[in-house]
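Working through the structure, step by step
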Amino acid sequence: MPPSNAPAIEHLKYRPSDRYPFGIEIVSMSDLKRRPGKNHLYRMHRIEFHMLILVTRGECTHVTDFEAVRCRVGSLMLLKPSQAEMFDAVSDWDGWVILFEPEFLFPVQLELTSDVTLLNRIEDLAQCMHLTRNVSSHLEAAIKQMRDCCEIEASIADVNAVLRYYLSALLLRICLMHGGVTEKALTNPDVVRFRQFKQTVAVNFCRWHQVCDYARALECSDRTLTRATLSVAGVSAKRFILDRIILESKRLLAYTSLPTSEISSRLGFDEATNFVKFFRRETGSTPGIFRGEHR
C-alpha cells in the first residue's frame, strides 16, 4: 500500500475562462503558458473533455497514457475524455489547443453517410497525426476563424451555435482526410459489430472480462466477435478486452493512491492476488514495482 501522502492524479473538468464562457475554448499554447495556476499542465492529469492540439512552432514531447509522442510543426494530437496527459514544460513550442465536452456536439445534425456520429468517427482516428504543411495551414486558419467568432458581440447561445458548426466542420474535415472511411466500410457488418463491441467494452470492462459476455450482449457468437475485431482492430476480442483492463490498471496504479486491493476490486477481480498475477503476466512487472517507477 502506498504512503498516505502519495500524490493522486488531478482530474480536470471543462472550465472555460471568464472571457470566453462558451462550450468550447480555443487558446494558443503561448497564452496558456501565461495563465496563473498553469503548473498542473506540466504534471500528469486526467482530462474529462476532448482536446485537440495543433503544433505550429517548434517541437515538443506530449505524454499520453504512458506514451511519449514526439510532435513537430503540423502534428495534430486528439485526446479523449479519461485519458491522462502531460504537456512539455521544457521545449520551446507553440500551437493551438481546443477544448470541448462531448455534449457540445450533440445538437448537431450532419448529413453523414451512415448513422455513425461525428464523435464515433473521432474515436477511430489516430491519436497523433503528422499533417502536410498545406493541410496544417488550412486547419490553423480554420481554428483562428473559430477564435475570432468568440469575439462576436452576441448572446452566449448564438455564439455557441456558430462555434458548434465550425467545430463540426473542422472535425469532419479531419476525419475525411485522415480517417477516410467509405460508405461501404461504414456499413460493413464487421465494422458495425466492432463499433458496438468497442462501446460495450468502454462501459463494462470492469465487470466483464470474457469474450462470451460481450458476444451474449451483442447477440453473436464468440467466433463472430473475434473475427470482426481482428478484421477492424487487428487484435483478437480477448486481447482488446485485456488491453483496456491493463490501461486502467496502469492509470489507477500510477495516478492514484488506492491500495492494490481496492484497484483489484474496482477492476472486477475476486481476489487481489488474482489481479497481481494478471498484471505481472501482462506487463512483466508487479503492481508495486510499476507504481514505484511512475510516481
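Look a little higher up for the structure.
Throughout what follows, the structure given in this document is the object of discussion. (Residues numbered from 1 in each chain as written. Predicted model: local features only at pLDDT ≥ 70, side-chain atom pairs only at ≥ 80, totals over all residues. Heavy atoms only, no water.)

All right, on to the side chain of Arg46 then. Relative to the assigned elements, Arg46 resides in strand S3 (residues 45–47). If near-sequence neighbours (up to four positions away) are discounted, Arg46 is found in contact with Ile9, Glu10, His11, Leu12, Ser82, Gln83, Ala84, Glu248 and Arg251. (Helix = DSSP H or I, 4+ residues; strand = E, 2+ residues; numbered from the N terminus. Contact = heavy atoms within 4.5 Å.)

Structurally, Leu267 is set in the loop between helix H10 (260–266) and helix H11 (272–283). For the pair Leu267 and Cys206, spaced 61 residues apart in the sequence, the C-alpha separation amounts to 4.4 Å. Ignoring anything within four residues of it in the chain, the contact list for Leu267 reads Phe205, Cys206, His209, Ile245, Glu248, Ser249, Leu252 and Phe275.

Right, let's talk about the pattern of salt bridges for a bit. Per the counting criterion, the structure on display carries 16 salt bridges. Across the salt bridge formed by Asp92 and Arg57, the nearest N and O atoms sit 3.2 Å from each other. Linking Asp92 in the loop between strand S8 (84–86) and strand S9 (94–100) with Arg57 in strand S4 (residues 50–57), this pair joins segments that are 35 residues apart in sequence. The exposure class assigned to Arg57 is partly exposed, which follows from its relative accessible area of 38%. Because the salt bridges share partners, they merge into one network encompassing Arg46, Asp65, Arg244, Glu248 and Arg251. (Salt bridge = Lys/Arg side-chain N within 4 Å of Asp/Glu carboxyl O. Buried < 20%, exposed > 50% of the residue type's maximum accessible area, 1.4 Å probe, protein only.)

Moving on, we get to the layout of surface pockets. The calculated volume of the largest pocket comes to roughly 1,400 Å³. Lining the largest pocket are 40 residues, and of these Lys80, Glu123, Lys198, Phe240 and Arg244 lie nearest its centre. Mapped onto the lining of the largest pocket, the elements with two or more residues apiece are helix H2 (118–124), helix H6 (189–204), helix H8 (222–233) and helix H9 (237–255). Ranked by the residues each element gives to the lining of the largest pocket, the list is headed by H6, at eight residues. Grouping the constituent residues of the lining of the largest pocket by class yields 20 nonpolar, eight polar and twelve charged. What the second largest pocket holds in volume is close to 400 Å³. Residues that form the lining of the second largest pocket fall into these classes: ten nonpolar, four polar and six charged. (1 Å grid on protein atoms, 1.4 Å probe; cavity = no way out; pocket = protein on both sides within 12 Å on 5 of 7 lines; lining within 4 Å. Points joined across faces, edges and corners; volume = space filled by probe spheres on them. Nonpolar A, V, L, I, M, F, W, Y, C, P; charged D, E, K, R; others polar.)

What follows covers the state of the cysteines. Counting across every chain of the model gives zero disulfides. Take Cys60: it sits in no disulfide, and the sulfur closest to it among the cysteines is that of Cys71, at 4.6 Å. (Disulfide = S-S within 2.5 Å.)

A few words now on the packing of H6 against H9. Here H6 crosses H9 at 30 degrees, and the two axes come no closer than 11 Å. Classed by the angle they form, the pair H6 and H9 counts as roughly parallel. Between H6 and H9 lies a crossing of right-handed hand. Judged by residue contacts, Phe194, Phe197, Lys198 and Val201 of H6 engage Ala237, Phe240, Ile241 and Arg244 from H9. The residue makeup of the contact of H6 with H9, split by class, is six nonpolar, no polar and two charged. (Axes fitted to C-alpha atoms, helices over the stretch in contact; angles between N-to-C directions. Parallel < 35°, antiparallel > 145°, perpendicular 65-115°, else oblique. Left-handed = near helix turned anticlockwise from the far one by under 90°.)

Before going further, it helps to spend a moment on the sheet that holds strand S6 (residues 67–71). By definition, the strands of a sheet pair up through backbone hydrogen bonds, in either a parallel or an antiparallel sense. Across the sheet, five strands lie side by side as S1-S3-S8-S5-S6; this open sheet has mixed pairing. The sheet is open, and its two edges are formed by strand S1 (10–12) and S6, each paired on a single side. Between one strand axis and the next, the sheet turns through 35 degrees on average, direction left out of account. In this sheet, S8 lies alongside strand S5 (residues 60–64) in antiparallel orientation, the contact comprising two bridges. Residue pairing for S8: Val63 is matched across the bridge by Met86. (Pairing = 2+ DSSP bridges.)

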